[in-house]
Amino acid sequence: MKICIKNGNIISMDESKDYILYNTDVLIDGNKIIKIDKNINVDENTQIINADNKVVIPGLINAHAHVPMSIFRETLDGYNLQDWLSKKIWPLEDKLTQEDIYYASYLTYLEMIKSGVTTINDMYFMTDEIISSALDSGIRLQTTRTFIGSNKKDLERLEELDTLIGKYKEDTITFNLGIHGLYTTTSSFIDECLEFNKKHNLNIHMHFCENEKEVSDIKNTYNLNPVDILEGKFNNQKLILAHCVKLTKEDIIKLSKLNVSVVHCPVSNLKLGCGIANINEMLNNNINVCLGTDGQGSGSNLDLFEVMKFTALLQKGINENAKLLPSYEVLKMATINGAKALNLSDKIGSIEVGKLADIIIIDIDDIKIKPVNNLLSEIVYNVKSNNVEATIINGKILMKDKKLINDNEDKIVIECNKIINRISNN
């Protein structure tokens, strides 16, 4: 089926052209964008979406999250990171069933669709159920089967990942290799993961230097600084490093010589009391920086518009320089930079002919957005997730006029309430 988005104001993120195309149409055939122009003629079988006075942008990319943690929203108060994980979350996670993971993931996917997030980079376990839920919901998933430790069970999970990669060939599903963190994983098991990756050449996705205790634990275990371990073991790998809060300028210079993307998660880092990553220094060293929410347990929600605003304001504030991070650079982090991190920039992250149709439409008929003096700044500072009117993923309309096409939200919420009630009371 063809879809034509008519007369929208397109922020394409295609840096080879004007980045704002006013009163322009986008024609989609199947799952791809086939034409971008004014006044495209369409036949009677084409579905029309009127985008008059609306903004059309690429779907947002959440480059670091924990998909089933929707059910752990607002469980953090009173804990630091390590205590929250060891005393609160890991004991609850031990009680989760495969069905629980399916429904908790689905709740996240519905939140994504309603928030304009079309792709998410997950890091969790029970990956089969996370993928199954993703396929049923229609979102785009890069999934990271996460490994902790070095025991026999972990080695079996590498075989599980190998099976999953062979099993799922859908356009919307891709894979990472996940090492939870250097502080939770032994050197010998990392070697096993790297040997495994010779076959698949996957991105390696891990938490990195999120807080001072993590850095201290790594130094005590390895007798090396964290970045030096990356230089020694991971210098031929493509890395997706979440957080990177506790890095010195020297660390950042070293990282810039590796194949690294950093996922900045400012809301989660603030809530956990970890600090503020110096992403301005990373950008100055040509490191690809993208954005993530982390799981809802620490990040509260999947609102990447909120994350964009925090990103810009924090860097201006800590550096006492209002000129830092122009709005377009921040929007790149939420779109094309995320696509680059996930090795998907040839497919998503911008609105270009030939790319997959992951597109959102934003309603700016909102008092907090008027008058529109600078469209890019409005997107970064004033638009919220509830301004998203339509979400298209892989050429399929999943939300239109702020209404989900597959409206099973009530059922999913009921199931998730049952899950958290059961595991909290046992």
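## Some thoughts on the packing of aromatic side chains
In step 1: Enumeration over the complete set of coordinates arrives at four aromatic pairs.
In step 2: Ring centres 5.4 Å apart and planes at 85° place the aromatic pair Tyr102 and Tyr103 in the edge-to-face group. Comparing Tyr102 with Tyr103 shows no difference in burial state: the two are buried.
In step 3: Centre to centre, the rings of Phe147 and Phe189 are 6.0 Å apart; their planes meet at 70°, and the pair counts as edge-to-face. Note that Phe147 is positioned in strand 8 (residues 140-147) and Phe189 in helix 5 (residues 187-200), a separation of 42 residues in sequence. As far as the burial class goes, Phe147 and Phe189 line up, both buried.

## Focus: unusual backbone geometry
In step 1: At the junction of Lys370 and Pro371, the peptide bond is cis and its omega measures out at -10° in the coordinates.
In step 2: Mapped onto the elements of the fold, Pro371 is located in the loop between strand 14 (359-363) and helix 15 (375-381).
In step 3: Of note, Ser300 is a non-glycine position whose phi angle comes to about 75°, a positive value.
In step 4: Counting through the fold element by element, Ser300 comes out in the loop between helix 11 (296-299) and helix 12 (304-318).

## As for helix 12
In step 1: Here helix 12 contains 15 residues, and its C-alpha end-to-end distance of 21 Å stays within 8% of the 21 Å for a straight helix at 1.5 Å per residue.
In step 2: Every buried residue belonging to helix 12 is among Leu304, Phe305, Val307, Met308, Thr311, Ala312, Leu314, Gln315 and Lys316, and all of these are buried.
In step 3: Among the residues of helix 12, the N-terminal cap falls to Asp303, whose side-chain oxygen and the backbone nitrogen of Phe305 are separated by 3.0 Å.
In step 4: The first or second residue beyond helix 12 is Glu320, which carries a positive phi of 50°.

## Quick word on the sheet that holds strand 8
In step 1: If you trace the eight strands from one edge of the open sheet to the other, you get 6-7-8-9-10-11-12-13, paired in parallel fashion. Of all the strands in the sheet, the pair left with one neighbour each is strand 6 (60-65) and strand 13 (288-291). With strand direction ignored, the average angle separating the axes of adjacent strands in the sheet is 25°.
In step 2: Across five bridges, strand 10 (residues 203-208) lies against strand 11 (residues 238-243) in parallel orientation. In the sheet register, His207 faces strand 11, and the bridge partner there is Ala242.
In step 3: Sheet strands in contact with helix 2 (residues 98-115) are strand 6, strand 7 (117-122) and strand 8, and its direction is about 140° off that of strand 7.

## Structural notes on helix 6 (residues 212-222)
In step 1: Inspection of helix 6 places Glu214, Val215, Ile218 and Tyr222 among the buried residues, and these make up the whole buried set. For helix 6, the angular spread of buried residues about the axis comes to 100°, placing them on one side. Exposed residues on helix 6 whose side chains face more than 90 degrees from its buried face are Glu212 and Asn220.
In step 2: Packed against the buried residues of helix 6 are helix 1 (81-93), helix 5, strand 10 and helix 7 (226-233).
In step 3: Looking one or two places after helix 6, you find Asn223, whose phi comes out positive at around 55°.

## Notes on the pairing of strand 16 (residues 396-400)
In step 1: Where strand 15 (residues 388-393) and strand 16 come together, three bridges link them in antiparallel fashion. Its bridge partner being in strand 16, Ile393 is matched across the sheet by Lys396.
In step 2: What sits between the antiparallel neighbours strand 15 and strand 16 is a turn of two residues, in which Asn394 has the positive phi angle 55°.
In step 3: Where strand 16 meets strand 17 (residues 403-404), two bridges bridge the pair, whose relative direction is antiparallel. Bridge pairing in strand 17 links Lys400 to Lys403.

## Side note on the packing of helix 2 against helix 3 (residues 127-137)
In step 1: Relative orientation of the contacting elements helix 2 and helix 3 amounts to 40°, with a least axis distance of 8 Å. Taken together, the axis directions place helix 2 and helix 3 in an arrangement best described as oblique. Remark: the crossing between helix 2 and helix 3 carries right-handed chirality. Residues Gln98, Ile101, Tyr102, Ser105, Tyr106, Tyr109 and Ile113 of helix 2 pack against Glu129, Ile130, Ser132, Ser133, Ala134, Asp136 and Ser137 of helix 3.
In step 2: Looking at the contact of helix 2 with helix 3 residue by residue, the class counts come to seven nonpolar, five polar and two charged.

What counts and what doesn't
Residues numbered from 1 in each chain as written. Predicted model: local features only at pLDDT ≥ 70, side-chain atom pairs only at ≥ 80, totals over all residues. Heavy atoms only, no water. Phe/Tyr/Trp six-rings, centres within 6.5 Å; stacked < 30°, edge-to-face > 60°. Buried < 20%, exposed > 50% of the residue type's maximum accessible area, 1.4 Å probe, protein only. Helix = DSSP H or I, 4+ residues; strand = E, 2+ residues; numbered from the N terminus. Expected span 1.5 Å × (residues − 1). Polar contact = N/O pair within 3.5 Å; in protein donor to acceptor, adjacent residues only side chain to side chain. Pairing = 2+ DSSP bridges. Axes fitted to C-alpha atoms, helices over the stretch in contact; angles between N-to-C directions. Contact = heavy atoms within 4.5 Å. Arc of directions from axis to C-beta. Parallel < 35°, antiparallel > 145°, perpendicular 65-115°, else oblique. Left-handed = near helix turned anticlockwise from the far one by under 90°. Nonpolar A, V, L, I, M, F, W, Y, C, P; charged D, E, K, R; others polar.

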